[in-house]
Every structure is written in C-alpha cells, then in structure tokens.
Amino acid sequence: MTDPALSFGTFAASYDRGRPSYPAEAVAWALGEKPLRVLELGAGTGKLTEVLVGLGHEVFATEPDEQMLDVLSAKLPDVRATVGSAEQIPAADQQYDAVVTGQAFHWFDLDRALPEIARVLAPGGRIVVIHNQRDKRIPWVRRLDAMIGRPEQKVSPTADLDDSGLFSAVEENEFRFWQVINRESIQDLVLSRSNLNTATDEEREAKRAEVLAFYDDYGRGMDGMQLPYRCRVFRSAVLEHARVKPVPVAPVGTGATGSSVDTATTATRLTTDTATRLPRVVTDGPSDDGGDELLLIDFR
C-alpha cells in the first residue's frame, strides 16, 4: 500500500492548482520583518515557499517527494531545494534562523524530527508550524468537507513542542482568508487529498463527479466560489540549554564506597532554561550499592 505521506507526487500538478496559498501577514507574524535564513520542511510544490521568498527570506526547501519538488523547482528555479525529510534533515548544526513547515507537521515522526529541528536551529532560532483549515463553521463548507471524504487533520503542535523540552512556550495566532475556487480547481482540490490519492480510479471518478454536481448546484458558474479558510500559526524558540550533553562518569575504582564503576556506561542529561518545567530524570550508570542504576534528578 502506498504511504499516504508520499502519495501526493502522482497528483503534484493537481495539488499545486487546487491547494490554497498562505496569507503573507500570517507568515510575517511568524517570522517578523527581518529577512532570515529559513529551512522549510515538507515544502511540497512551493505554496509556502513562494510567500517566504516574496517576504525576502533566504529559503532552503526540503521535500521527501521528488515529484512534488520538481513542481517547486520549476516555479522557483532560484530557490535551493533538495529531497529530504524532517527526520533526517540534510543540513549542518545551527545553520538556520527558522525552520518552517506548512501543512506537513502531522506527517512527521516527532520523536526523531523535533531533535533534528533543534539541531539545525541557530541559538534563538524558532520553529514555525502553519496549517490551513477550511472554515467548517459555514454550513456549505461542512457539506463540501464531508463530501471529500476524509476530515482535515487538526494540527496543534503545542503539547508536542512543550513536552519535548527543546522549545519555549508556544505562541499561536489565526488569520482568515478566502480561496477562489472554480469548476476546474475544485476538482484539483479533491484530487489533492491523500485519501483519494490512494483510492482506485473508479473511486476518484465517482468523487470527482459528486463534487462537480455540488459545485454546479452552488450556482456560481464561471464566477467561482469563495472558499473560506482559517490559517493557524504556531511559533516557538529553541531553548539555549535544551541540548543532549554527555555527563562524565567516575572512572573505575573511584565510587563513593570504593567499588568499581562501569566506565562504558555514559549518561546523558537533557536540561532546559526555565525553572517552570518539570525536572528531567537522568540515568547515571550502575549504582555503588550493587543496584541496577542510580537515578538523579536535575533541578537546574
């Protein structure tokens, strides 16, 4: 079965035509006015990349699907771009002022991705998560959403970022905007959904016909429809001391009771720069009294 996260490439052109862009004011709020070195994860066909470049940022775009990346590079040939994932970022340590992702955070393996993001961020750098959601408070939008078949992912990275111990308290903002959809692009919007990317040809055709009938019943014809969206933006700074660091282990024979200590066991400590977080439990190798290990609590 095709991995849904990597299913978009076959319909890359439909994705580019059917998906909305991102409000420039939302990106400006996330990053500020000063041009930054930005690494983009899950860049897709470059919807967010275009906005970042338009605001003057220096962008390095990464995307795991080569077909999606081809569309991005065709539109933005001057943008540095490569195949890459959030779990293994093709960049050196502390190289970027911001790591930004639009419409992709829910695909990440966060246990692997968040330490990678912290690794490539320069001191004081920030992670920015941007996610568009159709505004289902409006009845006809709810009908369209139900018709497409799979509800949009509800993305809220606050708990994940806070629990990681790598980032500061998350700030959130929301921006409303509208996408003009016509009889052609509404079909592309449907074909850009991961649940239909992995469906059979018959299932896709049936859904396309159903959505076209919905559009025609809407009665706007060539004028199209204004599809309302809510753009949710989350930003958080990497913590200066939230790094995994080796903790020296006493050499053999220098334990408190004179017993042997196994120098092959090297402890690690993950600390943060705020006293409001819970202390981390640190394993510091075998204990001197013959127990399996000594647990230390770091209250710094």
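This text goes with the structure placed above it.
Colleague: Kindly report on the pattern of salt bridges, identifying the contributing residues and their values.
Modeller: Counted under the stated rule, the structure contains 17 salt bridges. A salt bridge links Lys207 to Glu210, with the shortest nitrogen-to-oxygen separation between them at 3.0 Å. Taken together, the residues Lys207 and Glu210, both in helix α10 (residues 201–218) and three residues apart, mark about one turn of the helix.

Colleague: How would you explain the packing of aromatic side chains if you had to name every residue and give the values?
Modeller: One pass over the structure, following the stated rule, counts three aromatic pairs. A centroid spacing of 6.3 Å and a plane angle of 25° characterise the contact between Phe60 and Tyr96, whose relative ring orientation is stacked. Here Phe60, found in strand β2 (residues 58–63), pairs with Tyr96, found in strand β4 (residues 96–102); they are 36 residues apart in sequence, far enough to count as distant. Residue Phe60 is classed as buried on the basis of its relative accessible area of 4%.

Colleague: Please give an account of unusual backbone geometry that cites residues and values.
Modeller: For residues that are not glycine, phi is negative in most cases, and the peptide bond is trans in most cases. Its identity is not glycine, yet Gln94 carries a phi of approximately 55°, on the positive side. Looking at the element boundaries, Gln94 is found in the loop between β3 (80–83) and β4. Positioned with a positive phi, Gln103 is a non-glycine residue whose angle comes to about 65°.

Colleague: Would you mind going over the sheet that holds β3 in detail, with residue names and values included?
Modeller: Spatial strand order, β3-β2-β1-β4-β5-β7-β6: seven strands in an open sheet with mixed pairing. The open sheet has two edge strands with one neighbour each: β3 and β6 (171–181). With direction set aside, neighbouring strand axes in the sheet form an average angle of 20°. Where strand β5 (residues 121–134) and strand β7 (residues 225–237) come together, nine bridges link them in antiparallel fashion. Counterpart to Arg134 in the pairing with β7 is Tyr229. Most of the contacts of helix α5 (residues 110–120) go to β5, to which it runs at about 130°, and overall it touches β1 (37–41), β4 and β5.

Colleague: Describe the packing of helix α2 (residues 24–31) against helix α3 (residues 47–54), listing the residues and the values that go with them.
Modeller: Where α2 contacts α3, the two axes come as close as 10 Å, and the packing angle between them is 65°. As judged from the angle between their axes, α2 and α3 are roughly perpendicular. Where α2 crosses over α3, the two elements pack in a sense that is right-handed. For the pair α2 and α3, the contacting residues are Ala24, Val27 and Leu31 in the first and Leu48, Val51 and Leu52 in the second. When grouped by side-chain class, the residues that make up the contact of α2 with α3 number six nonpolar, no polar and no charged.

Rules used in this analysis
Residues numbered from 1 in each chain as written. Predicted model: local features only at pLDDT ≥ 70, side-chain atom pairs only at ≥ 80, totals over all residues. Heavy atoms only, no water. Salt bridge = Lys/Arg side-chain N within 4 Å of Asp/Glu carboxyl O. Helix = DSSP H or I, 4+ residues; strand = E, 2+ residues; numbered from the N terminus. Phe/Tyr/Trp six-rings, centres within 6.5 Å; stacked < 30°, edge-to-face > 60°. Buried < 20%, exposed > 50% of the residue type's maximum accessible area, 1.4 Å probe, protein only. Pairing = 2+ DSSP bridges. Axes fitted to C-alpha atoms, helices over the stretch in contact; angles between N-to-C directions. Contact = heavy atoms within 4.5 Å. Parallel < 35°, antiparallel > 145°, perpendicular 65-115°, else oblique. Left-handed = near helix turned anticlockwise from the far one by under 90°. Nonpolar A, V, L, I, M, F, W, Y, C, P; charged D, E, K, R; others polar.

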